[in-house]
Amino acid sequence: MNYSEMDRLKRSRELIINIIEKKGRENLYDLTGLGGGFQIEESQKHLLETYVGPAIFSKELNDIGISHFGGNPNIHRAVGFNRTSAAIFSTIMALSNEINRVIHYLPKMPSHPSIPRSCRIFNIDYFESDNIDEVLDKIEENALTIITGATMDHEIINLDHLKEIISQCIEKNSLSFIDDASGARLRLLYNQPPALKLNVDLAVTSTDKLMNGPRAGLLSGKKELVDKIYNEGLKFGLEAQAPILAGMVNAMKNFKLEDLKKALDRAKNIDLTPLSSENIQYIRTPTGFALCLSERESIDLALKLLENYGIITIAAAGMPGASKTLRIDFCSKDAHRLSDEYIINAIIKSKKYI
Ligand SMILES: *Cc1c(COP(=O)(O)O)cnc(C)c1O
């Protein structure tokens, strides 16, 4: 069948409603890796108010957020934004009067669009590269240096490169900022230190990535800088409100690196030969695997997986424009409720229909 993006989204939402009504949420399995978890305790509900909520949860978020980044409460602060993109935008906006350039190193191009787009709005010259020497050469006083810890496809930075860039920033008196959206946790899995232990000025992470929290951005770094950026973000409504702050705090409290390690082991060890036997091509990713299909096949298969097996993937339920790669992510909160056999069988059986 040939779906437009909106038709696909409508269809996947119908299928989700149908399963919830007929069989219940426990028969749906979100394997997107972006669960948007919202863990809230009964005792917290009455605090989710405009002024009471932030009083309580901003303080908790500050403490736990600093520690998530390995920072020091005497030097650092942590605050919540609606999204990682909102924190990035606020940072560039707040610094736009004192910098004339953003220099961005990533382990693999391209950047998340929020960085170049924010620069364009404030007429700031933007340079990005995955060539370390090129970037080291360009670092200068009137620039903000951004470093992506792990890309959207989970390509992870080399720790020596990261350290070299930060020491060059310190030497040249250039502000440094790690976009650690998924990297804050992925880098830990590869035995790298958390961002603030590396002496950067600022770091941001998403509580939705490799963590069961809302889609929100946690910004942390030197106190004066974070205050300035937060204050700028407030003017435009980019700051997280009480319910999101509470969801962020709870996700961080419940985060266990051990659980992530288990998910990575599962991704590494899952036996995918039954897929090859059926001529279904795949590639392994750090957190799961992806099928090599055309866009059309991906969407059709993803919708079948949802309809008949309750499996939610980004290819079926993602927003218009999201990646159409059919990807299974074992860091998802529902992954532990499904066996490898169930998932592989669901793919093989559904493939026969498309
Ligand atoms: C996901 C991601 C972002 C944006 O996060 P949102 O919460 O969706 O705004 C920015 N940078 C990187 C490297 C990301 O992976």
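Our subject in this report is the structure included herewith.

Scoring rules and cut-offs
Residues numbered from 1 in each chain as written. Predicted model: local features only at pLDDT ≥ 70, side-chain atom pairs only at ≥ 80, totals over all residues. Heavy atoms only, no water. Disulfide = S-S within 2.5 Å. Buried < 20%, exposed > 50% of the residue type's maximum accessible area, 1.4 Å probe, protein only. Patch = residues over 30% accessible without salt bridge, like charges linked within 9 Å, V, L, I, M, F, W, Y side chains within 5 Å. Areas by Shrake-Rupley, 256 points an atom, 1.4 Å probe, with all protein chains shown as cover. Salt bridge = Lys/Arg side-chain N within 4 Å of Asp/Glu carboxyl O. Lys, Arg positive; Asp, Glu negative; His and termini not counted. Charge placed at Lys NZ, Arg CZ, Asp CG, Glu CD. Helix = DSSP H or I, 4+ residues; strand = E, 2+ residues; numbered from the N terminus. Near = heavy atom within 4 Å. Polar contact = N/O pair within 3.5 Å; in protein donor to acceptor, adjacent residues only side chain to side chain. Nonpolar A, V, L, I, M, F, W, Y, C, P; charged D, E, K, R; others polar. Pairing = 2+ DSSP bridges. Axes fitted to C-alpha atoms, helices over the stretch in contact; angles between N-to-C directions. Contact = heavy atoms within 4.5 Å.

Details of the state of the cysteines
In protein chemistry, a disulfide is the covalent bond that joins the sulfur atoms of two cysteines.
Line of reasoning, step 1. Here the structure, examined in full by the defined rule, presents 0 disulfides.
Line of reasoning, step 2. No disulfide involves Cys292; its sulfur sits 20 Å from the nearest other cysteine sulfur, which is in Cys331.
Line of reasoning, step 3. On the basis of relative accessibility, which here comes to 42%, the residue Cys292 falls in the partly exposed class.
Line of reasoning, step 4. Among the residues examined, Cys331 registers a relative accessible area of 17% and is labelled buried.

As for a negative patch on the surface
Line of reasoning, step 1. On the surface, a cluster of negative charge is contributed by Asp130, Asp133, Glu134, Asp137, Asp160 and Glu164.
Line of reasoning, step 2. Mapped by element, the contributors of at least two residues to the negative patch are α6 (132–138) and α7 (159–172).
Line of reasoning, step 3. The greatest single-element share of the negative patch, amounting to 3 residues, is contributed by α6.
Line of reasoning, step 4. Mapped onto the elements, Asp133 comes out in helix α6.

Some details on the site of the ligand
Line of reasoning, step 1. The environment of the ligand is formed by Arg83, Thr84, Ser85, His112, Ala150, Met152, Asp179, Ala181, Lys209 and Arg215.
Line of reasoning, step 2. Within the side chain of Arg83, a nitrogen or oxygen atom sits 2.9 Å from an oxygen atom of the ligand.
Line of reasoning, step 3. In the environment of the ligand, an oxygen atom lies 2.7 Å from a nitrogen or oxygen atom belonging to the side chain of Lys209.
Line of reasoning, step 4. Contact with the protein chains covers 96% of the free accessible surface of the ligand, which is 390 Å².
Line of reasoning, step 5. Grouping the constituent residues of the shell around the ligand by class yields 3 nonpolar, 3 polar and 4 charged.

A short note on the sheet that holds strand β5 (residues 143–148)
Line of reasoning, step 1. An order of β2-β8-β7-β6-β5-β3-β4 is seen for the 7 strands of this open sheet, with the pairing classed as mixed. Both outer strands of the open sheet, β2 (76–81) and β4 (125–129), are each paired with one neighbouring strand and no more. On average, each strand axis in the sheet is inclined to that of its neighbour by 20 degrees, with strand direction left out of account.
Line of reasoning, step 2. Two elements, β2 and strand β8 (residues 217–222), share 6 bridges in a ladder whose sense is antiparallel. Note on β8: the bridge partner recorded for Ala78 is Ser220.
Line of reasoning, step 3. Contacts from helix α3 (residues 52–68) reach β2, β7 (202–206) and β8, with the element oriented near 110 degrees to β2.

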